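Topology and contacts: notes
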Amino acid sequence: MPITPTHRSVTAVIGVGLLFDTFENNLSGTIAKVLQDDFAFGATQLKLVLASAFIGQFIGSLVLGKVADRYGRRRAFLINLAIYSGFSLLGAFSPNAAWLIVTRFFAGVGIGAEQSLSDCYLSDVLPAKKRGRFIAWAYTLAFCGVPAVGFAALWLVPLTPLGIDGWRWLFVIGALGSAVVWVLRRRLIESPRWLATVGREDEADALVSRMEAEAPGGTPAAPAAVSPAAPGTYAGPGTAEKGAYAGPAGAAMEATAESVGANGGYAGTAGAAKEACVQVAGGAREATAGPATAAKWTAAAKRAATAEEVAPATRLRDIFQPHLRRRTVMLWIFCSLSTVGYYGFGTLAPQILAAKGYGIVAGIGFTAVCFLGYPVGSALTVPIIDRFDRKKLVAASAASMVVAGLGFSFAGTPALIMVFGFVYTVCSNIFSNVSHVYLAEQYPTAIRAAASGAAYSLSKLSAAALPFVLLPVLQSYGPGALFGVIAAVMAALATTVLSLGERTTGASVDRAPTD
């Protein structure tokens, strides 16, 4: 299927929502020194303020990932933004450190699943050959939120609009902006892939038909009979390219058929020799070797159509099945380590600059300039993300972050600080964009949101630990030692991805495991 107006609109709406996620993730770090002065934080309180949102995000990513797989992607999106918006607004009225820590925690619960939900949703909806490019565009829009929080802080922190501290207005901006996005997201379509997994075939067909009709010269085709197919395959009406599905609406979409039998793939009817249950973008049907008119719904699909249409809850053992175990181990290590390089800079940059002797406003100004690299790096991924192997891009960008980070740590002038900081954020967002796409491509539709959310939650847990691990290194040994630790961690990450990761570029998100 070609890219349609629906694909573009959902990419834009998801990107705007992600903008407030990046705004949130960098908010506490950006104004940490201001909060420390206003509330007279001790060392432990500062660490808790920096960590609280990430601890909340760890929980939110786990819980809302399960909600997305069981009740739908769209519903999970509405829940997460509602929670975030409410608690971010409450945070603006914090009278003390305890209130601030609690509201930051619950705001984190709300926004925690935003990135993993967005990755899964866009992977569900976008065609395989354009998936990386359009997810990169969504994140390019999203990462405008990082310099936005930097320059907003630079503008508002010295002021007291309406007699209210400038930093409090930053929380209000996050709350009101996400409320607007919540309204926009009410108009999102549900994922056709998810609808197929719960037996809501007619709704999935209708969405596919609508998108096909939007394509240039496209008209939805009438449903046709299923052609004879070998066990474990689905032959849809019309002709689709290998790895694509021509559903009842006639839409050429990539197959979401789950692998069956000997290849160890995820299967609705495991080991079935004659009638393999497969899931397709247009619905869950059986593939049989009989006449075309013999195609029929499986018993599981019938039950889903007549009962409450929710998917079964994903269990931990589902993501540690033998054919998924290697992917899961790789992703859990990857997600645990990735935040050391990514958030290690974004969260601690003002602290690093303070250690170099710069004041609060100067430090925020330098940080804001460095943060301009986030959307630039994201935009640079658009022309390359679908051309090169994702795991090699992850490793190359991680290596570039190490070089730029060491340059930043030893830079002795404002110009060099901003240059190396800018280069670091450019490289880190090439790394981030590729990582998000790669993570979302690892699991089948039925468990994608919960499984990806479980892996992604570990990144939030490790991000929450960063202030307790990296701040003592910075305070005791200086910026050089700090980036030395980051360099060692990123080297371990690159080695893990290169040795355990699979090639996913241009492949179906429901491909058969090769390991």
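Note that the coordinates shown come from a computational prediction; the quantities given were computed from them, not determined experimentally.

Parameters and conventions
Residues numbered from 1 in each chain as written. Predicted model: local features only at pLDDT ≥ 70, side-chain atom pairs only at ≥ 80, totals over all residues. Heavy atoms only, no water. Helix = DSSP H or I, 4+ residues; strand = E, 2+ residues; numbered from the N terminus. Contact = heavy atoms within 4.5 Å. Salt bridge = Lys/Arg side-chain N within 4 Å of Asp/Glu carboxyl O. Buried < 20%, exposed > 50% of the residue type's maximum accessible area, 1.4 Å probe, protein only. Patch = residues over 30% accessible without salt bridge, like charges linked within 9 Å, V, L, I, M, F, W, Y side chains within 5 Å. Areas by Shrake-Rupley, 256 points an atom, 1.4 Å probe, with all protein chains shown as cover. pLDDT = per-residue confidence, 0-100. Expected span 1.5 Å × (residues − 1). Phe/Tyr/Trp six-rings, centres within 6.5 Å; stacked < 30°, edge-to-face > 60°. Axes fitted to C-alpha atoms, helices over the stretch in contact; angles between N-to-C directions. Parallel < 35°, antiparallel > 145°, perpendicular 65-115°, else oblique. Nonpolar A, V, L, I, M, F, W, Y, C, P; charged D, E, K, R; others polar. Core = buried A, V, L, I, M, F, W, Y, C linked by side-chain atoms within 4.5 Å.

Glancing now at the overall build of the protein. Within the protein, the regular secondary structure consists of 20 helices and 4 strands. For the protein, the proportion of contacts with a sequence separation of at least 24, taken over those separated by at least 6, is 80%.

This part takes up the pattern of salt bridges. Scanning all chains against the criterion turns up 11 salt bridges. Among the salt bridges present, the one from R200 reaches E203, with a minimum N-O distance of 2.9 Å. Residue class for E203 comes out partly exposed when judged on its relative accessible area of 38%. The salt bridge partner of D386 is R390, with a shortest N-O separation of 3.1 Å. Among the ionic contacts, a cluster of salt bridges with common partners joins D69, R73, D124 and R448.

Once that is clear, we can look at the environment of V109. Turning to its location among the elements, V109 is positioned in helix 5 (residues 97-111). The sequence separation of V109 and L62 amounts to 47 residues, and the corresponding C-alpha distance is 9.5 Å. For V109, the residues in contact, after removing those within four places along its chain, are G56, Q57, G60 and L64.

What follows concerns the environment of A136. Relative to the elements of secondary structure, A136 occurs in helix 7 (residues 128-142). Classification of A136 as buried rests on a relative accessible area of 1%. Placed 297 residues apart in sequence, A136 and N433 show a C-alpha to C-alpha distance of 5.9 Å.

Taken together, I55, I59, L62 and V63 make up a surface patch of nonpolar side chains, about 270 Å² in accessible area. Tracing the backbone shows V63 in helix 3 (residues 43-71). The exposure class assigned to V63 is partly exposed, which follows from its relative accessible area of 46%.

Our focus in this paragraph is the confidence of the model for the protein. In the predicted model, the protein carries a mean pLDDT of 79, and the fraction of residues at 70 or more is 79%. Between the elements of the protein, mean pLDDT differs from a low of 34, seen in strand 3 (residues 276-280), to a high of 94, seen in helix 17 (residues 390-410). Note that residues 221-308 has pLDDT below 50 and, in this model, 175 contacts with residues that lie over four places away or in other chains.

We now examine helix 18 (residues 414-440). When the terminal C-alpha atoms of helix 18 are compared, their 39 Å separation across 27 residues agrees well with the 39 Å that a helix rising 1.5 Å per residue should span. Taken across its 27 residues, helix 18 has 19 buried, putting it largely inside the fold.

What follows deals with helix 15 (residues 360-371). Counted at 1.5 Å a residue, the expected span for helix 15 with its 12 residues is 16 Å, and the 16 Å between its end C-alpha atoms agrees. Turning to helix 15, its buried residues are G363, I364, G365, F366, T367, A368, C370 and F371.

Mapping N25 onto the fold places it in helix 1 (residues 5-30). Residue classification places N25 among the buried residues on the basis of a relative accessible area of 5%. In this structure the C-alpha to C-alpha distance between N25 and T347, which are 322 residues apart in sequence, comes to 8.1 Å. Apart from the residues within four sequence positions on either side, N25 is in contact with F54, Q57, Q115, Y343 and K460.

Pairs of aromatic rings are described using the distance from one ring centre to the other and the angle between the two planes. Scanning the model with the defined rule gives 20 aromatic pairs in all. Here the aromatic residues F54, Y139, F143, Y342, Y343, F371 and Y374 are joined through ring pairs into a cluster of three or more.

Turning next to the packing of helix 18 against helix 19 (residues 448-477). Between helix 18 and helix 19, whose axes approach to 10 Å, the crossing angle comes to 135°. Classed by the angle they form, the pair helix 18 and helix 19 counts as oblique. On helix 19, the residues that touch H436, L439 and A440 of helix 18 are R448, S452, A455 and Y456. Grouping the constituent residues of the contact of helix 18 with helix 19 by class yields 4 nonpolar, 2 polar and 1 charged.

On to the nonpolar core, then. Counting residues in each nonpolar core, the largest one holds 121 residues, and the members touching the most others are I31, Y121 and F345. A total of 13 residues in this core trace back to one element, the largest contributor, which is helix 14 (residues 322-355). Apart from residues lying up to four places away in sequence, I31 is in contact with A153, V157, W167, L170 and F171. Listed in part, the 7 residues of the second largest apolar core include F20, Y84, A107 and I111.

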